[in-house]
Every structure is written in structure tokens, then in C-alpha cells.
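# Examination of the molecular architecture
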Amino acid sequence: MSRQEFAASTRKAAWERCKGHCENKACGVFIGHKGKHFDHILPDGLGGKPTLLNCQVLCLPCHNSKTVDEDRPRMTKADNQRKADQGLKPPPRQQIKS
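Just so we're clear, the structure is a prediction, and the values are computed from it rather than from any experiment.

## Regarding unusual backbone geometry
Of note in the backbone geometry, K19 takes a positive phi value of approximately 55° without being a glycine. In this fold, K19 is placed in the loop between helix 1 (8-18) and strand 1 (37-40). Given a relative accessible area of 66%, K19 falls into the exposed group.

## Structural notes on the packing of aromatic side chains
For the structure shown, the criterion picks out zero aromatic pairs. Stacked on the ring of W15, the Lys or Arg K36 has its end atom at 4.6 Å from the ring centre.

## Details of the nonpolar core
Core analysis: the largest hydrophobic core is formed by 12 residues, namely F6, A14, W15, C18, C22, I31, F38, C55, V57, L58, C59 and C62. At the level of secondary structure, the elements contributing two or more residues to this core comprise helix 1 and strand 2 (55-58). Apart from residues no more than four positions distant in its own chain, A14 is found in contact with F38, L52, C55 and V57.

## Some words on the pattern of salt bridges
Applying the stated criterion across every chain, the model contains four salt bridges. Residues D79 and R82 are paired through a salt bridge, measuring 3.6 Å at the closest nitrogen-oxygen approach. Taken together, the residues span about one helical turn, with D79 and R82 both in helix 2 (residues 60-85) at a distance of three residues. Owing to a relative accessible area of 35%, D79 belongs among the partly exposed residues under this scheme.

Criteria and cut-off values
Every chain begins its residue count from 1, and numbering advances along the sequence as written. At least 70 in pLDDT is required for a residue's local features to be given in this predicted model, at least 80 for side-chain atom pairs to be given and counted, and no such filter applies to totals for whole chains, interfaces and linings, which use all residues. Derived side-chain values reflect all non-hydrogen atoms in the structure, with water molecules and hydrogen atoms excluded from consideration. Helix numbering and strand numbering both begin at the N terminus, where a helix is a DSSP run of H or I of at least 4 residues and a strand a DSSP run of E of at least 2. Relative accessibility decides the category of a residue: with a 1.4 Å probe and only protein chains considered, values under 20% of the type maximum give buried, values over 50% give exposed, and everything between is partly exposed. Ring pairs shown here join Phe, Tyr and Trp side chains whose ring centres sit within 6.5 Å, with only the six-membered ring taken for Trp; geometry is labelled stacked below 30 degrees between planes, edge-to-face above 60, and tilted in between. Two conditions define a charge sitting above a ring: the NZ of Lys or the CZ of Arg must be within 6 Å of the ring centre, and it must be within 35 degrees of the ring normal. Here, nonpolar core means buried Ala, Val, Leu, Ile, Met, Phe, Trp, Tyr and Cys residues that are tied together by side-chain atoms lying within 4.5 Å of each other. Throughout, a contact is declared for two residues whenever any of their heavy atoms are within 4.5 Å. Should a side-chain nitrogen of Lys or Arg be within 4 Å of a carboxyl oxygen of Asp or Glu, the pair is scored as a salt bridge.

Structure representation (C-alpha cells):
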């Protein structure tokens, strides 16, 4: 399944909606044209569509944080559940060395 990017019209509408500010409610920093990132609220890998309702404009730190802290763990869990349903074992856990 290929990644579904936002159309130019969707990105433009999202940019106009946010008025140049990060849409993370805890942030709200002014982004400017060069620092904007268009993020799927519901990740593409979990069925999120490239629509305006599923698009948010984030600054780079907020986008990176959401990707690492929220999106990747949810997609990993979904992948492991799908594999378990298919009778496949999840990948072995690596032990953390202290």
C-alpha cells in the first residue's frame, strides 16, 4: 500500500486555517512558510485519508514528537496484532543492556 499524500488544495486550505501557527494545542508557535509540516491526524498507515479533516499543520518538533511518541507505537501494535491474527509470531523483543 503506497502512502497517500495531501493534495495541494488540501495543504493550502490547512495552511489558511492555521494562519501560520502550529496546530498542536500545547504549542501554537508561529511557523512561517519554511517550517510547516502537514501531518495525518490518523496516520496513513492506519487508514487515515488525505482529507482536510485529517490534516494538521505542525512545526518540526511537534511533528517529530507525534511521529515517534504516538504514530509509530500505534502502527507497530497494529502490525503485531495483524501478524498474530495470521498466526505469525511478533518479532522477538530485544533486551536492553544496562
